[in-house]
Every structure is written in C-alpha cells, then in structure tokens.
Amino acid sequence: MSLRLLKYAFNRDYAEPRWFNTPATLKHSYDVVIIGAGGHGLAAAYYLATQYGIRNVAVLDKGYLGGGNTGRNTTIVRSNYLTPEGVRFYDRSVRLFESLAGELDINLFYSKRGHFTLAHNESTLRTLRWRAEVNKHHGIDSRLVGPDDVKRACPQIDLSCGGQHAIVGALYHAPGAIVRHDAVAWGYARRASQSGVEIFQHTAVTGIDVTAGRVTGVNTTRGKIKTAKVLSAVAGSTPATLKMAGLKSPVDIVPLQACVTEPMKPWLEPIIVSGSLHVYLSQSARGELVMGAAVDPAELHATRSSLEFVTALADQMLDLFPFLAGVKINRQWAGMADMTPDYAPVMGKTAVDGFYLDAGWGTWGFKATPVCGETMAFTVAHDTPHRLIEAFGMERFERLTVLGEKSAAAVGH
Ligand code: PYC
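Definitions and limits used
Residues numbered from 1 in each chain as written. Predicted model: local features only at pLDDT ≥ 70, side-chain atom pairs only at ≥ 80, totals over all residues. Heavy atoms only, no water. Helix = DSSP H or I, 4+ residues; strand = E, 2+ residues; numbered from the N terminus. Rg over C-alpha atoms; globule rule 2.2 N^0.38 Å. Buried < 20%, exposed > 50% of the residue type's maximum accessible area, 1.4 Å probe, protein only. Contact = heavy atoms within 4.5 Å. Areas by Shrake-Rupley, 256 points an atom, 1.4 Å probe, with all protein chains shown as cover. Lys, Arg positive; Asp, Glu negative; His and termini not counted. Charge placed at Lys NZ, Arg CZ, Asp CG, Glu CD. Near = heavy atom within 4 Å. Polar contact = N/O pair within 3.5 Å; in protein donor to acceptor, adjacent residues only side chain to side chain. Nonpolar A, V, L, I, M, F, W, Y, C, P; charged D, E, K, R; others polar. Pairing = 2+ DSSP bridges. Axes fitted to C-alpha atoms, helices over the stretch in contact; angles between N-to-C directions. Salt bridge = Lys/Arg side-chain N within 4 Å of Asp/Glu carboxyl O. Core = buried A, V, L, I, M, F, W, Y, C linked by side-chain atoms within 4.5 Å.

Colleague: When you look at the overall build of the protein chain in this model, what are you seeing that I'm missing?
Modeller: Secondary structure summary: the protein chain contains 11 helices and 20 strands in total. In terms of C-alpha radius of gyration, the protein chain reaches 22 Å, essentially the compact-globule figure of 22 Å for 413 residues. For the C-alpha atoms alone, the extent of the protein chain along its principal axes is close to 65 × 65 × 40 Å. Expressed as a percentage of the 413 residues in the protein chain, the buried residues total 55%. Sequence-distant contacts in the protein chain: of pairs separated by 6 or more residues, those separated by 24 or more amount to 76%. Summed over its atoms, the accessible surface of the protein chain is roughly 17,700 Å², and 53% of this surface lies on carbon and sulfur atoms. If you average the places of the 42 positive and of the 37 negative side-chain charges in the protein chain, the two averages end up 4 Å apart.

Structure follows, in structure tokens:
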C-alpha cells in the first residue's frame, strides 16, 4: 500500500477533495436554471460562468451526474457530416475537444484514431463522396478511399464481408477520435462548480412557470426557484420538459443500444462504421471493443437492452471480423435518443421567452458537447442564437427549412 494512501487513511483532518459542491438547499432565485446535468448542461454552465461571468446558475438533474446519454454513448468524436451547417458546427466541437483536457485539467484519454465509414454498394459510395467534398470545402480532412486502404489500416477486416456485401470503398475521416465520456462530464462539472455554479443531483423539475409568454420560475422536488432563464438539456426527456413549458415537441424518443466485449490485446486502431450493416466499433484504452448497431425499431421511453440487439449485432460483426467468434460480450446498455424529423438537432430560443432548448441529438449528442455548451451559453447570455446554431432553431419545422442530416448517421435508422 502506498505511503500516501496510509497517510490519508489515518489522518482524521484530511478532507477528501470534492469534484463539485452541492449546497444543502436551493437558493430562492438563480439567473439561469439548467435542466440536465449531462455533458451539455454542464458545459453550458461552465461557459456561462467562465466566458460571460454568469455564475448564479443552478444545474438540476433528476438522476445523477452524466447518468443519461453522456454516460451511455460510445465516445466517438467526428465532424464528417453532410450539411455545411452540421460540418461547421461539429468541426468547432472537434477543435474544442482537442484542447479540452488541458483547459479542464483532467485526462480525457482523447485518442485520435481516424474514422472509416464503409460502403458496400455504389449508392452509399455516392453519398460518401458528397460528404467528402463538403468536408474538404470546409477544410476538414475527409476523403474517399478504396478497399485496399481500409485493409491497410485494419488488416483483420474481411473485405468480402462473408461474401455477402463486399466493401467497395470508404469515407476516411482523419480527425475521428474517441474520448472518455464520463471524464468530459466530470471535468466540466468540476470547473463549473469552481466558478460558482451549483449542481443538484436527484432534483427533478416538476413544472416550469410561464407568465405572459415568459419564464418566471421552476418547480422542483426540492422546492420552487425564481428565474427568468431556463435551458433544457435533457436528451430522452425533451418531450416532457417541452410540455411543462407549454410547447409542442418535434422529437420522438427511440432507444439506442450498445455493448462492450471483454478486454482484448490492442488490435484495432481506427473507428470502423458500416451504416449499411448497422454496426460500428472502436477499441477503448482498456482493450474492450465498444460496439453498437441501429436504433431500436419503435418509439420507447426506456433504457432497457435486449438479447435481439446483441445477437443481430454479433451476426453482422462476424461478417466483418470473423476472428471475433468466441469473444465474450461483457456489458450492454441503452440510451434514449431524441430524434427530430430531419435528424439534425434543435438548439436555441423558443416561442417562450427565456426558455432555451438543446435537444434532438439523435445518435450524435456526445460529440457536440463542447460546442453545444459554448454556443448555448452564448445564446442564453445574449438572448440571441449563436451564429453556428442559427440554422438549428425549432422554427425550421414550421418554415420547412429542414437540414437533412440523416445520411451522415453512423447508426442505421
Ligand atoms: O454518430 O458517430 C456517430 C455515432 C456512433 C455511435 C452512435 N453515433
């Protein structure tokens, strides 16, 4: 046992440093209340405090910190989207991620791996070529590559995919990375708390007070709070929160499942995605293969995981990597994905003054964490949408100026 550990074990006066403080009670009023202590809500709180000096902020969560989609995603970061709006937005996120460990002073295990989206037919190749061109136009290192390039980067892959659906090419995206998701949430929480933000776990919001079209307060299981600004960052619970504010939801909730294998010796450097086969995988620093498949086929507000998911996933995965037969699945879980009709997020102001929305992340919310925090903090502080999120407002569904991001999904829908 290390001497340091012994010293702390026998020292009665040693106070374990806390990652964040929770006061015993809520204040009567806050300048901003953020619903949801996931990565997005905590990042917004951090940037509100550090970039705009707005520190009288409460972050509330009905569960525990990072216990929603932040702790349930598969940790992939990328910016190889299809629409110029999506590409610009996620490119900013990748750049923020790259320096985030230093900024938050925490090891995020940010690991740049390169990202291959496989094509098994000509029509997928056409869409991937389109994405590559949009990406290049915005200065992002994405390009179309052939099967040989895939094989060079990942010698274990069976290019014939069991003779069923041979790989005919791929979109290669050099910045593709993985990063420890829970560390991102904890890093933001610690820095936000050090800047004066108060974080309350196990504190559910039960109502939002709206008077004459303006937010005036929030009711919680710990009491009532007065506030003129509320930010909802609650993937999976967005329809419920919107209802409390008297707003119609453009979001359906579908479960997205994932799993990890037992640890293996490192063999997989890049992230591999096949939208057509409905699978994606990467290898974590612990050696586990982190894997997922398509979203569940029906709307469901639940995080149960199923045998059907792992069996279908294993079936497709073995076409790509036959040598994995016999490798054990260690854990499986599910998150609840907020799906919008155009598969792009909904961010910004709403028809209720002072009620701001960060939602509709579908299957790619985690990778937006820093940029979403940054742009939503701007939007809340200035009461005007940040230029990077102007196109993502809720009003686009009425104006039919939708964004059409579905073919940039790593996950089948
Ligand atoms: O969009 O990269 C992605 C992704 C991977 C797993 C779920 N979404």
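Anyway, onward from the coordinates.
Colleague: Would you mind showing me how to read the site of the ligand here?
Modeller: Residues in contact with the ligand, as listed here, are Thr 74, Ile 76, Arg 78, Tyr 280, Thr 363, Trp 364, Lys 367, Ala 410 and Val 411. Between the ligand and Thr 363 there is a distance of 2.6 Å, counted from a nitrogen atom to a backbone nitrogen or oxygen. Lys 367 has a polar side-chain atom sitting 3.3 Å from an oxygen atom of the ligand. In isolation the ligand offers 240 Å² of accessible surface; the protein chains occlude 97% of this area. When grouped by side-chain class, the residues that make up the shell around the ligand number five nonpolar, two polar and two charged.

Colleague: Is there a simple way to think about the sheet that holds strand β2 (residues 57–60) in this case?
Modeller: Strand pairing in a sheet is mediated by backbone hydrogen bonds. Such pairs are either parallel or antiparallel. Strands sit in the order β9-β2-β1-β13-β20-β19 across an open sheet of six strands; the sheet is mixed. The sheet is open, and its two edges are formed by β9 (198–200) and β19 (346–349), each paired on a single side. Each adjacent strand pair in this sheet contributes to an overall mean axis angle of 15°, direction not counted. Direction of pairing for strand β1 (residues 32–35) relative to β2: parallel, over a ladder of four bridges. In the strand pairing of β2, Val 32 is matched with Val 57. With respect to the sheet, helix α10 (residues 369–382) is in contact with β1, β13 (230–232), β19 and β20 (355–359), its orientation differing from that of β20 by roughly 165°.

Colleague: Teacher, can you tell me more about unusual backbone geometry here?
Modeller: If you check the backbone angles, Cys 161 has positive phi at about 50° while not being a glycine. Checked against the element boundaries, Cys 161 lands in the loop between α6 (147–153) and β7 (169–173). Taking relative accessible area as the criterion, Cys 161 reaches 0% and is therefore assigned buried. Its identity as a non-glycine residue notwithstanding, His 278 has a phi of 65°, on the positive side. Residue position: His 278 is located in the loop between β15 (271–274) and β16 (279–283).

Colleague: Is there a simple way to explain the pattern of salt bridges in this structure?
Modeller: A side chain with one charge may pair with a side chain of the opposite charge, provided their charged atoms come close. Scanning the model with the defined rule gives 14 salt bridges in all. Residue Asp 91 pairs with Arg 95 through a salt bridge whose shortest N-O separation is 3.0 Å. Of this pair, Asp 91 and Arg 95 both sit in helix α3 (residues 84–98), four residues apart, roughly one helical turn. The exposure class of Asp 91 is buried, given its relative accessible area of 15%.

Colleague: Any chance you could explain the environment of Val 346 here in plain terms?
Modeller: With respect to the helices and strands, Val 346 occurs in strand β19. Each C-alpha atom of the pair Val 346 and Ala 359 lies 5.2 Å from the other, and the pair is 13 residues apart in sequence. Excluding residues within four positions of it along the chain, Val 346 makes contact with Pro 250, Thr 340, Leu 357, Asp 358, Ala 359, Gly 360, Phe 392, Gly 393, Met 394, Arg 396 and Phe 397.

Colleague: Help me out: how do you make sense of the side chain of Ser 232 in this one?
Modeller: In this structure, Ser 232 sits in strand β13. Classification of Ser 232 as buried rests on a relative accessible area of 1%.

Colleague: Is there a simple way to think about the pairing of strand β5 (residues 115–119) in this case?
Modeller: For a regular strand, side chains alternate in direction, first toward one face of the sheet and then toward the other. For β5, a buried count of five out of five residues is recorded, marking the element as mostly surrounded by other parts of the structure. Examined bridge by bridge, β5 and β15 share three bridges and lie parallel to one another. Paired with Thr 117 across the bridge in β15 is Val 273.

Colleague: Quick question: what am I supposed to make of the sheet that holds strand β10 (residues 205–211) here?
Modeller: Spatial strand order, β10-β11-β12: three strands in an open sheet with antiparallel pairing. One side of each edge strand has no neighbouring strand; the edge strands of this open sheet are β10 and β12 (223–226). For this sheet the average axis-to-axis angle between neighbouring strands, irrespective of direction, equals 25°. Bridge analysis of β10 against strand β11 (residues 214–220) gives six bridges, and the strand direction is antiparallel. Following the sheet pairing, Thr 211 is matched in β11 by Arg 214.

Colleague: Looking at this structure, how should I read the nonpolar core?
Modeller: Considering soluble globular proteins, one finds that nonpolar side chains tend to be buried as a cluster. Of all hydrophobic cores here, the largest spans 72 residues; its most connected members are Ile 34, Leu 42, Phe 89 and Tyr 188. The biggest single contributor to this core is helix α2 (residues 39–52), with eight residues. Ignoring any residue separated from it by four or fewer positions in sequence, one finds Ile 34 in contact with Gly 41, Ala 44, Ala 45, Leu 48, Val 57, Ala 58, Val 59, Leu 60 and Leu 231. Of all hydrophobic cores here, the second largest spans 29 residues; its members include Phe 116, Leu 118, Cys 161 and Leu 324.

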